[in-house]
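Inside the fold
Below are the chains, spelled out letter by letter.
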Amino acid sequence: MTVYAGRSRNPLPVSLVQTERGGHAGPMSDAVESDILRDLCTGQNLAVLATGTGTHPYASLVAVALTPDLRHLYFATPRATRKCANLAENSQVALLMDNRTNQVSDFSHAAAATFLGTAEEVTGAERDQGLAIYLARHPHLEEFTAAPSCAFFKVRIDRIYLVTRFQNVMEYHFSP
C-alpha cells in the first residue's frame, strides 16, 4: 500500500506495513500521519544519530538532509569523532527527528520519526550529488564540508517508525 501525503502533495514512496498501539484508522489517518512524517523530514534540520560498537550505543546531534523520496539521508562529521570511528566498525544506524517544543502540549501533539538504515561514507560523484542536496539545506556548512577533515555520509534508509501522541506507532518500509 502506498501512503499518500495529502491531496496537494506527492505520495510518499513507502509502504505502510503495520500500526501498533492506537490501531489502524484507515486512509484518512494514513494521509495525516504521512503529512506529519513529511513535515518532520522537511522541517527539521537536525537529528540524533545513534551509532554503536562494543557495549554501549552513542548518540550525536547532526545536521541532516533527506532526498525527496526519503530513501537517503546525508550528514557530515569530522573524521576525528567517536561517531565516525563507530561507523567504521558498524555501519548500522538509527536517527531520530522530532518536533517537540518542551511544552505540555507535546504529550498530545509531538511526533518523532526513527530512521533505521546503513551509513556509508561517499566520495566522488556520489559525494558531489549528495552534497548538493545537503548544502541546499545547510548553506552555512559549505566551508565545514569542504575541509579535508570532514567525512560525508549517506544513510540508505530501510524503515521508518513514526510515533504520534506517544502511543500511535506506524512503521514504513520502502518498496523493493
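The sections below set out a description of the structure shown in this document.

What counts, and where the lines are drawn
- Every chain's residues receive numbers from 1 upward, in the order its sequence appears when written.
- Only residues with pLDDT of at least 70 are given local features in this predicted model, and only at 80 or more are side-chain atom pairs given and counted; all residues enter the totals for whole chains, interfaces and linings.
- To obtain the side-chain values, all non-hydrogen atoms of the structure were used and water was disregarded.
- A run of H or I in DSSP becomes a helix once it reaches four residues, and a run of E becomes a strand once it reaches two; helices and strands are each numbered from the N terminus.
- The buried label goes to any residue with under 20% of its type's maximum accessible area, the exposed label to any with over 50%, and the partly exposed label to all in between, with areas taken from a 1.4 Å probe on protein chains only.
- Here, residues are in contact when the closest pair of their heavy atoms is within 4.5 Å.
- Here the nonpolar core consists of buried residues drawn from Ala, Val, Leu, Ile, Met, Phe, Trp, Tyr and Cys, with membership extended through side-chain atoms lying within 4.5 Å.
- By definition here, a salt bridge exists when the distance from a side-chain nitrogen of Lys or Arg to a carboxyl oxygen of Asp or Glu is within 4 Å.
- Any Phe, Tyr or Trp ring, taking Trp's six-membered ring, that has another such ring centre within 6.5 Å forms a pair; planes under 30 degrees apart are called stacked, those over 60 apart edge-to-face, and the others tilted.
- The directions from the helix axis to the C-beta atoms form the arc being described.
- Pairing between strands is defined by DSSP: at least two bridges between the two strands are required.

Per the secondary structure count, the protein chain includes five helices and nine strands. Listing the helices and strands of the protein chain from first to last along the sequence gives β-β-α-β-β-β-α-β-α-β-α-α-β-β. Relative to its 176 residues, the protein chain shows a buried fraction of 43%.

Here the focus is the environment of Leu 66. Following the sequence through the fold, Leu 66 ends up in strand β4 (residues 56-66). Leu 66 sits in the buried class, given a relative accessible area of 10%. Each C-alpha atom of the pair Leu 66 and Asn 45 lies 9.7 Å from the other, and the pair is 21 residues apart in sequence. In contact with Leu 66, other than residues within four places in its own chain, are Cys 41, His 72, Leu 73, Met 97, Phe 115, Ile 133 and Ile 157.

Turning our eyes to something else, we now look at the nonpolar core. In this structure, Phe 75, Leu 95 and Phe 115 are the most contacted members of the largest nonpolar core, which totals 29 residues. The greatest single-element share of this core, amounting to six residues, is contributed by strand β8 (residues 150-164). Leave out the neighbours within four places in its chain, and Phe 75 touches Leu 49, Val 62, Ala 63, Val 64, Leu 87, Tyr 134, Ala 151, Phe 152, Phe 153 and Val 155. The next biggest cluster of nonpolar side chains, apart from the first, holds eleven residues, and it includes Ala 76, Val 122, Cys 150 and Phe 152.

Taken as a whole and judged by the stated rule, the model has six salt bridges. The partner of Arg 79 in a salt bridge is Glu 121, with the nearest N and O atoms 2.7 Å apart. Linking Arg 79 in the loop between β5 (72-78) and α2 (82-89) with Glu 121 in strand β7 (residues 111-121), this pair joins segments that are 42 residues apart in sequence. A salt bridge links Arg 156 to Asp 158, with the shortest nitrogen-to-oxygen separation between them at 2.5 Å.

Per the stated rule, a full pass over the model turns up four aromatic pairs. Relative to Phe 152, the ring of Tyr 74 has its centre 5.5 Å away and its plane inclined at 5°; by these criteria the two rings are stacked. Separated by 78 residues along the polypeptide, Tyr 74 in strand β5 and Phe 152 in strand β8 bring together distant segments of the chain. Residue classification places Phe 152 among the buried residues on the basis of a relative accessible area of 0%. Ring geometry for Phe 75 against Phe 153: centres 5.2 Å apart, planes inclined by 10°, an arrangement best described as stacked. Within this pair, whereas Phe 75 is found in strand β5, its partner Phe 153 is found in strand β8, the two being separated by 78 residues in sequence.

Okay, α2 next. Buried within α2 we find Lys 83, Cys 84, Asn 86 and Leu 87. Looking straight down α2, one finds its buried side chains confined to an arc of 160°; they lie on one side. Exposed side of α2, more than 90 degrees from the buried face: Arg 82, Ala 88 and Glu 89 are the residues found there. Buried residues belonging to α2 abut β3 (46-53), β4, β5, β6 (92-98), β7 and β8.

In terms of strand pairing, β6 meets β7 through seven bridges, oriented antiparallel. Note on β7: the bridge partner recorded for Ala 94 is Leu 116. The sheet contact formed by β7 and β8 spans eleven bridges and is antiparallel. Bridge assignment links Glu 121 to a residue of β8, and that residue is Phe 153.

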